[in-house]
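Residue-level structural notes
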Amino acid sequence: MCKPAEAEHRETAASSAKQRSLINGTLVSCTSIFFLICGLSLTFPQMQSRRDELGCDTLCYGSMTSLRGALGLVGTAVIGRLSDRNDSLLAKSFGSVGKFGGSSGRRGCLVLGIIASLVGCIIAVTMNSLLGLWLSMIPGSFLQHNFDVFKALLSEFHNDIDNAGQDESSPTITPSRSNSVGKLGMTVGISFMIGPMFAAAGVGSTFQSATYISTLCILLSGIAIYFLPLPESTKSNKNAGISETQSNEFTLSKMIKLQTPKTRAAMTLLVIRLNMALAFHVFNTIWPASLKSRFQFGPTDHARFMSFIGITYAVSQGLVAKRMINVFGAGGKGYGIMLCCMVLGIGRHVAFHTDSLVVVYASFLFIINALGVLNTVITADTGAIAPSNEIGSLFGLLQASESAAGMAGPFIGGMVSHYLGKDAPLMAVIAIYTFLFFFVSWGYDGLVLSAASHGERKETKKEI
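Structure report, in brief. Model, not experiment: these values are computed from the prediction. (Residues numbered from 1 in each chain as written. Predicted model: local features only at pLDDT ≥ 70, side-chain atom pairs only at ≥ 80, totals over all residues. Heavy atoms only, no water.)

Let's talk about the overall build of the protein
Our working rule: Strands are runs of DSSP state E lasting at least 2 residues, helices are runs of H or I lasting at least 4, and numbering of each runs from the N terminus. For every residue, the accessible area obtained with a 1.4 Å probe (protein chains only) is divided by the maximum for its type, and the residue is called buried under 20%, exposed over 50%, and partly exposed between those limits. The contact definition used throughout considers only heavy atoms, calling two residues in contact when any of these lie within 4.5 Å.
What the protein contains, in helices and strands, is 19 helices and 0 strands. Here the protein holds 464 residues, and the buried ones make up 52% of them. For the protein, restricting intrachain contacts to residue pairs at least 6 apart in sequence, the fraction spanning at least 24 positions comes to 82%.

Here it is in structure tokens:
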């Protein structure tokens, strides 16, 4: 039986409203993360001289890095879990501050991240001491994980649209998840490039002036959050809350047991993310010294190289990743990841051994594009396997695994280099990529893609 025209019209209008919310949410998310990353990265060029001025030696800096990783390890999991709860005190306080009203755990975590960043800036300006250097790092490392919260938020918008299209009699056009994720990643890449570039051009010539400008940018990021729309799923469960049994599927203990298709898919993604981060941090133990010994890299050369990486990553996330995913198709994402693993392994080997700076830049052109494609695929599939009230927990857990790799990677790289030779970390990195190649070929299609497609209707893609 056909539905009455009036009912069909209401369903179409509701679907169109959800797609508009996705577009507006993506725009506001990109705007907020742009100002936030620009503000934070504006102080990067001043940090080394500030550490030297305050007497923070290699041991001090290494200890700060370890503490930052430990805080991130705990903070990402905590913030991810809090972002899923719309009935918490955080959601009802900070999460209710917005133009569109309502209580939102994700908005509460975003506001909390802004406040933590502001507190860090205030401490940095008012306490010009080694203690102030340590204290200024703590709030943001523990509580500011807005990029992961934004990824969870965009996935929730997509879930709303997918749910609206499950009724075959009222089909809707589903926008690509990779498109939204790519725009957010592209914004991060551009902002990472713009902050240091402005600093190099004389904007914020001292640490104090750079921190003042950074504070202004962070405030602008917070203002953008005020205009953030809420997904329908947030509005519908804000009073009901989330039961403990419902929200606990994506915990590490349950994922290790591999009891359900979704936990097996989540564990597969965790293994990939953990090993990718581990390979990066192990390689980073030998990469800066290699650049200095071969090409006499100085601060200006590093700034130029980082700008190149930033713009390449932005292009990769915004343009290349989307097209590569379309080439491989929904069922061929595993092959795309395998290709990225090959490019990463070969690219890092070539970049480490060549004596031509042009070849180094060319190698990293392929490396950064491979990373952009891989991150886009994994982020999109992560959002597809989790329901709206568990997305934040899953993103937080995956990010926590990267923080753990950030703590273990430098230690592993240093130990391998010390006992097995200076080239041994590179061999370890290639071994990690080789393992990932075969791991993805074995299980990605059967574990992740089947879970991601479960419960979703077939998509008619439309770029938004």
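Past the structure itself, the notes keep going.
Remarks on the packing of helix H16 (residues 333–353) against helix H17 (residues 357–385)
Quick reminder of the rule: All axes are obtained by fitting lines to C-alpha atoms, using only the stretch in contact for helices, and the reported angles, taken between N-to-C directions, cover 0 to 180 degrees. Here the angle decides the label: under 35 degrees means roughly parallel, over 145 means roughly antiparallel, 65 to 115 means roughly perpendicular, and every other value means oblique. Crossing handedness: left-handed means the near helix sits turned counterclockwise from the far one by under a right angle, and right-handed means the same turn made clockwise. Under the scheme applied, nonpolar residues are Ala, Val, Leu, Ile, Met, Phe, Trp, Tyr, Cys and Pro; charged residues are Asp, Glu, Lys and Arg; polar residues are all the others, including Gly.
Two numbers describe how H16 lies on H17: the axes approach to 9 Å, and their chain directions differ by 150°. Put simply, H16 runs roughly antiparallel to H17. Every pair of crossing elements has a handedness; the one defined by H16 and H17 is left-handed. Here H16 contributes Lys333, Ile337, Cys340, Val343, Leu344, Gly347, Arg348, Val350 and Ala351 to the contact with H17, which in turn contributes Val359, Val360, Ser363, Phe364, Phe366, Ile367, Ala370, Leu371, Val373, Leu374, Val377 and Asp381. Each residue belonging to the contact of H16 with H17 can be placed in one class, and the counts come to 16 nonpolar, 2 polar and 3 charged.

Describing the state of the cysteines
Rule in force here: Pairs of cysteine sulfur atoms within 2.5 Å are identified as disulfides in what follows.
Enumeration over the complete set of coordinates arrives at 1 disulfide. Paired through a disulfide, Cys56 and Cys60 show a sulfur-sulfur distance of 2.2 Å. Taking the torsion about the sulfur-sulfur bond, which here is approximately -95°, the covalent link between Cys56 and Cys60 counts as left-handed. A relative accessible area of 7% means that Cys56 is categorised as buried. Among the residues examined, Cys60 registers a relative accessible area of 10% and is labelled buried.

Some thoughts on the nonpolar core
For clarity, the cut-off: Side-chain atoms within 4.5 Å are what join buried Ala, Val, Leu, Ile, Met, Phe, Trp, Tyr and Cys residues into a set we call a nonpolar core.
Counting residues in each nonpolar core, the largest one holds 59 residues, and the members touching the most others are Ile272, Met276, Trp287, Phe305, Leu344, Phe364 and Tyr444. Contributions of two or more residues to this core are made by helix H13 (261–284), helix H14 (287–295), helix H15 (299–328), H16, H17, helix H18 (391–420) and helix H19 (424–453). Judged by nonpolar contacts, the second largest core, of 27 residues, contains Cys30, Ile114, Phe157 and Ala224.

Some words on the pattern of salt bridges
Definition in use: Take a side-chain nitrogen of Lys or Arg and a carboxyl oxygen of Asp or Glu: if they are within 4 Å of each other, that pair is a salt bridge.
Within this structure, the stated rule accounts for 6 salt bridges. Across the salt bridge formed by Asp87 and Arg85, the nearest N and O atoms sit 3.3 Å from each other. What makes Asp87 partly exposed here is its relative accessible area of 24%. Here Glu402 makes a salt bridge to Arg273, at a shortest N to O gap of 2.4 Å. In this pair, Glu402 sits in helix H18 while Arg273 sits in helix H13, placing the two residues 129 residues apart along the sequence. Since its relative accessible area comes to 5%, Arg273 is described here as buried.

Quick notes on the packing of aromatic side chains
Put simply, the test is: In summary, the pairing rule links any two rings of Phe, Tyr or Trp, Trp by its six-membered ring, whose centres are within 6.5 Å, and it sorts them by plane angle into stacked for under 30 degrees, edge-to-face for over 60 and tilted for everything else.
Enumeration over the complete set of coordinates arrives at 12 aromatic pairs. With a centroid separation of 5.3 Å and 25° between ring planes, the pair formed by Phe283 and Trp287 is classed as stacked. Exposure remark for Phe283: the relative accessible area of 1% places this residue in the buried category. Ring centres of Phe305 and Tyr361 lie 5.4 Å apart, and the angle between their planes is 90°; on these two criteria the pair is classed as edge-to-face. Within this pair, whereas Phe305 is found in helix H15, its partner Tyr361 is found in helix H17, the two being separated by 56 residues in sequence. With respect to burial, Phe305 and Tyr361 carry one shared label: buried.

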